[in-house]
Amino acid sequence: MVSRRSFLGSAVAVAGATVGFSTLSLPTAMAAPGGTPGSTPEVILRPGDARYAQLAGRGYNSRFAATPDEIWLVHNAAQVEKAVDQAISQGQRITVRSGGHCFENLVDDPHFRLLVDLSEMRSVTFDPEMNAFCVQAGARLGEVYQALYEGWGVTVPGGVCPEVGVGGHVSGGGYGPLSRRYGLVVDHLHAVEVVVAGRGGKARTIVATRNAGDPHRDLWWANTGGGGGGFGIVTRFWFRTPGATGPARSLLPKPPARVRKTVVSWPWDGLTEQGFTRLVRNHGAWHAANSAPGSAYATLHSSLQLNSSVVGSVQLEIRMDATLAQTPALHDRYIRAVSAGVGVEPTIDITEGNWLELALVPTPSYGEYTRQKSMGGHLRKPLNTRQIAAVYRSLTDSTHYGAGMVYLAAYGCRINTVASSATAIPQRDSIFKLWYSNNWADPAHDEVEVNWIRTLRTNVHGATGGFPVPNGQQDGGYINYPDIDMRDPAQNTSGVPWYSIIWKDNYPRLQQVKNTYDPHNVFRHGLSLDPL
């Protein structure tokens with residue numbers, strides 16, 4: 001049996017693990033972006049094939065299992081069209097997987113009979129005709145960062161887990177350690193290639209750009225936070241920062257040459273409820289004061305990882321640009337502000353290295369702790385004393401066996417300079433991403449562990465029906481931290497529809513895109529929109 005302490009000591013969370021990054025190698029041979037139809041045939045796997053189990057089992061959450069009749073390994077948009085046409089003609093529910101990092105059963109659901117696997121579509125190139133960087137939708141973040149940085153010295157401000165597939169990450173409006181400085185990853189998205197299924201019932205491939213005169217601009221917009229797998233199947237992305245000109249190396253942000261990564265740990269031993277409350281309040285007050293556009297702390301990203309007491313410690317992970325003269329002073333001032341009056345002396349572990357070494361963390365090995373429930377959202381203002389007390393009660397609850405965590409990731413600064421309607425993800429005045437997570441091992445504990453996180457969520461957001469419904473303090477959900485409970489009126493007692501919690505005023509436009517490009521609801525999952 002894997003102990004809770006040993007599990008969490010080496011792997012805290014999807015977005016907050018603290019182990020170092022091992023450089024990933026790109027495939028030695030890759031097709032040109034998009035591929036040439038017929039150059040490499042699609043591979044169709046069915047139950048009984050020795051390869052089927054591995055590909056069907058690529059999902060993140062072992063509570064859910066994919067059991068499709070066919071898995072299509074595709075290499076270009078033409079092959080995706082072929083898969084979609086078959087699904088339509090044979091009445092098969094179709095779904096798509098890029099990285100396999102989905103927390104809910106939006107892909108690994110027995111209703112899906114045809115699974116399109118994009119993992120062979122991984123090239124990262126510069127497209128001179130588009131004057132933008134072309135990334136196939138099956139590429140992993142680690143591969144993208146390595147290729148962009150080593151080839152051109154640039155990057156996109158996405159997440160920290162190298163195994164996350166860009167298909168879902170980008171379409172959901174991904175964020176990461178460089179987002180306070182450079183915005184969300186979709187703020188640099190120039191175009192998408194999407195296989196859709198229109199009113200005629202046949203698949204077709206559309207390239208949609210952010211250009212004002214593009215007749216398909218709304219399809220580009222829907223993929224800037226509307227979520228993956230609900231409007232079509234994205235096969236390629238093109239990235240270029242708006243207004244950027246010049247050679248390729250000038251068209252995307254440049255990451256810092258060196259990064260300072262710090263892990264500050266407060267042991268649970270000796271951490272009283274008063275001290276815990278002070279820590280979370282300090283952290284919240286600091287971010288409320290230092291998350292405006294133009295802040296001197298725009299180059300800082302941090303995540304406060306409030307682990308269950310069984311883990312042994314609460315951790316604050318910090319990343320800063322180590323090339324800036326003011327970084328040491330800002331770094332120390334931040335730690336002093338968060339630590340003040342906590343009553344427990346933290347340990348501080350500082351590492352400096354190049355960006356590729358420290359910007360990412362390997363996807364953690366969870367051992368037996370592969371069953372999971374989570375949800376997330378945004379905060380405009382810090383958690384209040386009542387909400388912190390609810391968090392403390394759950395994290396110190398000894399009646400459940402899971403490894404729970406509340407995760408507060410730094411947001412704001414450059415992210416909040418963009419209008420809420422400019423991208424499909426509307427949260428543009430928040431200071432935190434909020435994520436509740438619980439992992440456990442035994443299927444027999446499912447009910448207890450799912451109820452643990454539901455209780456936590458309900459107690460924290462009790463004033464708004466159990467979810468972070470947008471108001472003066474909260475700013476709604478996040479499709480990349482999905483929770484199917486949001487659709488259940490027994491769980492979501494707010495009276496606010498689930499789609500308004502996630503997309504707020506952008507929902508009607510997203511629904512119109514759905515109606516235009518997927519009127520027969522070919523592409524659907526538990527948190528996708530229905531046509532009008």
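Worth saying up front: this structure is predicted, and the values here are computed from it rather than measured.

Reading the values: the criteria
- Residues numbered from 1 in each chain as written.
- Predicted model: local features only at pLDDT ≥ 70, side-chain atom pairs only at ≥ 80, totals over all residues.
- Heavy atoms only, no water.
- Salt bridge = Lys/Arg side-chain N within 4 Å of Asp/Glu carboxyl O.
- Helix = DSSP H or I, 4+ residues; strand = E, 2+ residues; numbered from the N terminus.
- Buried < 20%, exposed > 50% of the residue type's maximum accessible area, 1.4 Å probe, protein only.
- UniProt positions renumbered as here; feature names shortened; annotations may be inferred.
- Core = buried A, V, L, I, M, F, W, Y, C linked by side-chain atoms within 4.5 Å.
- Contact = heavy atoms within 4.5 Å.
- Axes fitted to C-alpha atoms, helices over the stretch in contact; angles between N-to-C directions.
- Parallel < 35°, antiparallel > 145°, perpendicular 65-115°, else oblique.
- Left-handed = near helix turned anticlockwise from the far one by under 90°.
- Nonpolar A, V, L, I, M, F, W, Y, C, P; charged D, E, K, R; others polar.
- Pairing = 2+ DSSP bridges.

(A) Just the pattern of salt bridges, in detail. A complete count under the given rule lists 26 salt bridges for this structure. Close ionic contact of R46 with E70 constitutes a salt bridge, the shortest N to O distance being 3.0 Å. Here the residue R46 occupies a position in the loop between β1 (43-45) and α2 (52-56), and E70 occupies one in strand β2 (residues 70-73), the gap between them amounting to 24 residues. By relative accessible area, R46 is classed as partly exposed at 43%. Between D85 and K202 there is a salt bridge; the shortest N-O distance is 3.5 Å. Linking D85 in helix α3 (residues 77-90) with K202 in the loop between β7 (189-197) and β8 (203-209), this pair joins segments that are 117 residues apart in sequence. One network of salt bridges, in which partners are shared, links E104, K373, R454, R457, D483 and D485.

(B) Up close: the UniProt feature "domain: FAD-binding PCMH-type" (unreviewed entry) in the protein chain. The UniProt feature table records "domain: FAD-binding PCMH-type" (unreviewed entry) at residues 64-244. Helix and strand shares over residues 64-244 are 23% and 24% respectively, and the end C-alpha atoms of the span are 43 Å apart.

(C) Quick look at the nonpolar core. Among the nonpolar cores identified, the biggest contains 133 residues, and V116, F276 and L306 are the most heavily contacted of them. Looking at this core, the element that brings in the most residues is β7, giving six residues. Among all residues touching F276, those that are not within four sequence positions of it are W268, L271, L306, I388, V391, Y392 and L395. Membership of the second largest hydrophobic core comes to eight residues, among which are L55, I71, L73 and V107.

(D) Representation of the packing of helix α8 (residues 273-289) against helix α11 (residues 385-395) within the structure. Between α8 and α11, whose axes approach to 10 Å, the crossing angle comes to 125 degrees. As the angle between them shows, α8 and α11 are arranged oblique. Once α8 is placed against α11, the crossing between them reads as right-handed. Side by side, α8 and α11 meet where E273, F276, T277, V280 and R281 of the first sit next to T385, I388, A389, V391, Y392 and L395 of the second. Grouping the constituent residues of the contact of α8 with α11 by class yields seven nonpolar, two polar and two charged.

(E) Representation of the sheet that holds strand β9 (residues 233-239) within the structure. Pairing is antiparallel across the open sheet formed by five strands, whose spatial order is β5-β6-β9-β7-β8. Because the sheet does not close on itself, it has two edges, and the strands there are β5 (124-127) and β8. For this sheet the average axis-to-axis angle between neighbouring strands, irrespective of direction, equals 25 degrees. Sheet topology places β7 next to β8; seven bridges connect them, and they run antiparallel.

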